[in-house]
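Structural overview for review
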Amino acid sequence: MSAIPLHPLTPNSNLARLPRRTGGVQSFPNAEPAWIRWSLIAVSLAFLASFLFVPLTAVFWEAFRKGAAVYWASFQDPDARSAIRLTLLTAMIAVPLNLVFGVAAAWAIAKFDFPGKSVLITLIDLPFAVSPVVSGLIYVLLFGAQGWWGPWLAAHNIRIIFATPGIVLATIFVTFPFVARELIPLMQSQGTEEEQAAIVLGANGWQTFFRVTLPNIRWGLLYGVILCNARAMGEFGAVSVVSGHVRGLTNTMPLHIEILYNEYQFAAAFAVASLLAMLALITLAAKTAVTWKSRGPLEDHANHNSTGDAHEH
Amino acid sequence: MSIEVRDVHKTFGTFAALKGVSLKIQSGELMALLGPSGSGKTTLLRIIAGLETPDDGSGDILFHGENVAALRAAARHVGFVFQHYALFRHMTVFENIAFGLRVRPRRNRPSNDAIRGKVASLLKLVQLENFAGRYPSQLSGGQRQRVALARALAVEPRVLLLDEPFGSLDAKVRKELRAWIRRLHDEIHITSVFVTHDQDEALEVADRVAVMNEGAIEQIGTPEEVYDQPASAFVYQFLGNVNIFEGRIRNGRLRIGCLELPVSSPESADNQPARAYVRPHDIELARIVAGEGVRRGTVQHIHTAGPIVRVGVRTFDGSQTIEVEIAREKHQELDLRVGNVVYYRMRHSQIFVEDYSI
Amino acid sequence: MRFFAPKNNVLPGFRLAMGFTLFYLSLIVLIPVAAIFIKTAAAGWSQFWQTATSPRVVASYRLSFGVSALAALANGVFGLLAAWVLVRYEFIGKRMVDALVDLPFALPTAVAGISLTTVYAETGWIGQWLKPLGVKVAFTPLGVLVALTFIGLPFVVRTVQPVLQDLDREVEDAAASLGANRWQTFYRVIFPALWPAALTGATLAFARAVGEYGSVIFISGNMPMRTEITPLLIVTKLEQYDYAGATAIAVVMLVASFSLLLLINLLQWWSAHRGT
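The structure displayed is predicted, hence computed values, not measured ones. (Residues numbered from 1 in each chain as written. Chains lettered and ligands numbered in written order. Predicted model: local features only at pLDDT ≥ 70, side-chain atom pairs only at ≥ 80, totals over all residues. Heavy atoms only, no water.)

Focus: the overall build of chain A
Rules: Think of it this way: any DSSP run of H or I at least four residues long counts as a helix, any run of E at least two long counts as a strand, and we number them from the N terminus. Exposure categories follow from relative accessible area, calculated using a 1.4 Å probe and restricted to protein chains: below 20% of the type maximum is buried, above 50% is exposed, and the middle band is partly exposed. What makes two residues a contact is simply this: any of their non-hydrogen atoms within 4.5 Å. Values of accessible area rely on a 1.4 Å probe in the Shrake-Rupley scheme; residue burial ignores everything except the protein chains shown.
Secondary structure assignment for chain A yields 13 helices and zero strands. Ordered by position in the sequence, the α and β elements of chain A form the string α-α-α-α-α-α-α-α-α-α-α-α-α. Across the 313 residues that make up chain A, the buried fraction comes to 56%. When contacts within chain A are restricted to residue pairs at least 6 apart in sequence, long-range pairs at least 24 apart make up 75% of them. Surface summary for chain A: the accessible area is close to 12,900 Å², and the carbon and sulfur share equals 67%.

Listed below in structure tokens is the structure:
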């Protein structure tokens, strides 16, 4: 029974964590003089360039320095191919599992009230705070030869550490919060009125989820999956601890890069690195597109507010 | 389809939102639940819809004599219009209205042609024939409201419940939509309940009004009844502007300074503090003394607001300023200026003995 | 009124969603993390203390935490500046720069590591200009700082940006109309609104930097006592099959992570409730 909100038609802040596009002319009479403005722009661009732009460019430069032939040859190497295959396989297992988890956790947290909610959110965040190396180590302690279940696993001839299952587990751990963290604020900001409307209109739980909730969160979900995937394919520290670095068997792309680099095969190392850098660029582009997508209709929305009731009765 | 609510309690944590509310709504009636924020009106509406459950073991909700308290929201077949409409933002107007039909189990689901026909007739009803392909974000507030209404009506609900249906609209659209909803109700005659905090809205649109305060119903009656014979001081104050005179009851009359007003309510005991409530338009002004019960005062301010003029009159003893509303013609006739001496007389007043429970 | 209302009790699926959430959380996170503490407790306090405070380990803490704090500070200053420029000014390529800020989130750490090493080496694109100035970056603690600044870069920008966008321009106009000059307006009106977000962002960057591994090990040179970070020491112990030693250091890191997580939650709670 709230009072009339001041801006009743203002849409929910979609993708609350994504930065908003700034629009409009920024000419305020009460602003800094031009020379300060340009100095600030110059300093921050110099900072961003030396930390972001230059290293990113260097990846592709080094990859192609010895020519396209050497670049392509890097991928003919069976070890490189097997690393790519293992990376893809790992992501294909880890991402869907964390996707299902993220949706379930966001549904429970965003749509219901229960005691201990903030503790649960903190626990979901935990893998973000843990060092990747420690993330790998905890699985070694559980499943490694010296670990809790090591002897039992060895007796039954099951290998987890220094094998694919360990790599997948460590990857799931480090990418655990991505989808949930993307969805929780988004679903909280959307509230539950649309779902309630669907229920009153006779929809059952799954119909409500698939026809009402899912379409509303699809862009945030997509972004969460893209981020989760980027991290799953690029994880280095955690995977390094559990992999055992067996060439052609338990090397993922980042581990393969390390080996090539340490063997001074720089061109090959940067060639594989360029693939992951491409993935990073696609991730950034997707993020920008998703931000644009989810903002687009809302700006439209805002425009129509001001036009008032076009249709007279 | 009549609705009956019997002794419903609802507590949120330590806050008692509803304290034993009972209410009967006749079939085909348009009932307003009127009250300030926190009075429990939305909670009551949501309990009728099944979106909220009453406290354990309390209360019954009957639709046409059948107890629906144990039924889930979906099984109650109510139409609910949410305050902010809750339109599905990713669906067109057409798909929004068709939703309730499309999610029916296959055996009860109308054919696509039937759905199209039904949606088309509803779009006609809410005068949005040309908007079927639009998305909610491309509609004005008033149009969204009507889509929400059409969507609720599409499932042929037994009752229609509206939560602050005009709350999110600007003043002009609000007025238009009010009149339109009244006409629509006269046309389709579905038992309807709407929640509002705006007394004009409730008095203008509803057949009957239930005035709520602090989780209880203060009065139920037709708009005329609640306005002309308020059952409590709260109702009197909530339904419009009011001048309050404090006094004491002596020999069956309320004495306010040297003014005396007759007390009608029999329960009022002698020598008790009491208040007289007088609406600004129930006070007459004159430049000369004429008749009984006339008091003297000075004009303190004059505000012209459209057809009526609000005059502030300082009482002779200077203890308070009373607000008087007179017609513009009357004002011209009196030719009042600030500082003039005027004589005022209460045409109509109501006296409430002070409530010691506060 | 709505405040008192539970969000609803009509939506289905709470038990299913909550049940799966708790099951998966326990399986992947809670049980494995609990295991490391139990393992340490079983090994005994004295052995833990001996490992966790040996000189080489303490030197690594000093490097990891010290340089992480410097990196967080650098990101606090430059992140605030970058957020300001991205929100308040218009320039060509702004949207591309804005998108690129998230690169450290998206770029695998190993790629960042080899690339930063190449760029900041004595012959690299940036290193060659620093060499005449007597500044050596790669294979020194300064290299660690560069890597940790890189991976923490987005945090401050992304926490400050939304706050800056929501900042009411009218407040600044009000300050100006009351006679404040631009600098006074900034440090009396704008900065007090921004710094809780900047502090939260810097703490996030610090937490991330302390545990970072991939981007650092290439550029640091990994010299014991000098440029060896704590996570690397864990890996070294593991490679020597010193599980107890690795676990002891890992427990120290985990406790640090938990404390930082708690601090970040407190900071966020505090900046959300401040002044309301």
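Let's pick the thread back up.
Here we look at the sheet that holds strand β16 (residues 295–305) of chain B
Residues and elements named next belong to chain B. For clarity, the threshold we go by: At least two bridges found by DSSP between two strands are what make those strands a pair. Orientation is described by lines fitted to C-alpha atoms, with helices fitted over the stretch in contact, and by angles between N-to-C directions that extend from 0 to 180 degrees.
The strand order across the open sheet formed by five strands is β15-β19-β16-β17-β18, and the pairing between neighbours is antiparallel. At either margin of the open sheet sits one strand with a lone partner, and together these are β15 (283–286) and β18 (321–327). Taking each pair of neighbouring strands and ignoring which way they run, the sheet shows an average axis angle of 45°. With four bridges connecting them, β15 and strand β19 (residues 341–346) associate as antiparallel partners. Among the inter-strand pairings, Ile283 is bridged to a residue of β19, identified as Met346.

Some remarks on the interface of chain C and chain A
Quick note on the threshold: Two parts placed together each lose some accessible area under a 1.4 Å probe, and the buried area is that loss summed for both. Should a side-chain nitrogen of Lys or Arg be within 4 Å of a carboxyl oxygen of Asp or Glu, the pair is scored as a salt bridge.
Contact with chain C, which involves 96 residues of that partner, is made by 102 residues of chain A. With both sides pooled, the region where chain C packs onto chain A buries about 9,200 Å², and carbon together with sulfur makes up 76% of that total. Remark: the boundary between chain C and chain A carries one salt bridge. Close ionic contact of Asp102(C) with Lys287(A) constitutes a salt bridge, the shortest N to O distance being 2.4 Å. The element that contributes the greatest number of residues to the side of chain C that touches chain A is helix α1 (residues 14–43) of chain C, accounting for 18 residues.

Some words on helix α2 (residues 93–102) of chain B
Taking burial as the measure, the ten residues of α2(B) include nine buried ones, the bulk of the element. Against the buried residues of α2(B) lie α9 (193–200) and α10 (205–234) of chain A together with α3 (112–125) and α4 (141–154) of chain B.

Some remarks on the environment of Gly44(C)
By secondary structure assignment, the location of Gly44(C) is in the loop between α1 and α2 (45–52). For the pair Gly44(C) and Ala244(C), spaced 200 residues apart in sequence, the C-alpha to C-alpha distance is 10.0 Å.

Regarding the sheet that holds strand β13 (residues 259–262) of chain B
All names here are of chain B. An order of β13-β12-β11-β14-β20 is seen for the five strands of this open sheet, with the pairing classed as antiparallel. Looking at the sheet topology across the chains shown, the edges are occupied by β13 and β20 (350–353). Taking each pair of neighbouring strands and ignoring which way they run, the sheet shows an average axis angle of 40°. Where strand β11 (residues 243–250) and strand β14 (residues 273–278) come together, six bridges link them in antiparallel fashion. Paired with Glu246 across the bridge in β14 is Arg275.

What about a nonpolar patch on the surface?
All names here are of chain C. Basically, it comes down to this: Patch building starts from residues that exceed 30% relative accessible area and form no salt bridge, then joins like charges within 9 Å and nonpolar side chains (Val, Leu, Ile, Met, Phe, Trp, Tyr) within 5 Å.
Taken together, the side chains of Trp183, Tyr187, Phe191, Trp195, Leu199, Trp269 and Trp270 present a nonpolar region at the surface, about 760 Å² in accessible area. Contributing elements (two or more residues each) for the nonpolar patch: α10 (182–211) and α13 (243–273). Top element by residues in the nonpolar patch is α10. It accounts for five residues. Within the fold, Trp269 resides in helix α13. Take Trp269: its relative accessible area is 55%, and that puts it in the exposed class.

Topic: the confidence of the model for chain B
In plain terms, the rule: As a per-residue measure, pLDDT reflects the predictor's confidence and takes values from 0 up to 100.
Put simply, chain B has an average pLDDT of 89, and 96% of its residues get 70 or more. If you check the scores for this complex, the pTM reads 0.83 and the ipTM reads 0.89.

Describing the pattern of salt bridges
All names here are of chain C. Applying the stated criterion across every chain yields a total of 39 salt bridges over all chains. Between Glu122 and Lys131 there is a salt bridge; the shortest N-O distance is 3.9 Å. Using a relative accessible area of 49% as the deciding quantity, one classes Lys131 as partly exposed.

Looking at the packing of aromatic side chains
For clarity, the threshold we go by: A pair of Phe, Tyr and Trp rings is counted when the ring centres sit within 6.5 Å of each other, with Trp represented by its six-membered ring. The angle between the planes then sorts it: under 30 degrees is stacked, over 60 is edge-to-face, the rest tilted. The criterion for a charge sitting over a ring is simple: Lys NZ or Arg CZ within 6 Å of the ring centre, and within 35 degrees of the ring normal.
Enumeration over the complete set of coordinates arrives at 47 aromatic pairs over all chains. Plain terms: the ring middles of Phe51(A) and Tyr120(C) are 6.4 Å apart, the flat faces sit at 40° to each other, and that makes the pair tilted. Of this pair, Phe51(A) sits in helix α1 (residues 34–64) while Tyr120(C) sits in helix α6 (residues 109–120), which puts the two residues in different chains. Under the relative-accessibility criterion, Phe51(A) is labelled buried at 12%. These aromatic residues form a ring-pair network of at least three members: Trp107(A), Phe112(A), Phe114(A), Trp206(A), Phe209(A), Phe210(A) and Phe14(C). The ring centre of Phe88(B) lies 4.6 Å from the NZ or CZ of Arg151(B), which sits over that ring. A cation sits over an aromatic face here: Arg279(B) above Tyr227(B), 4.6 Å from the ring centre.

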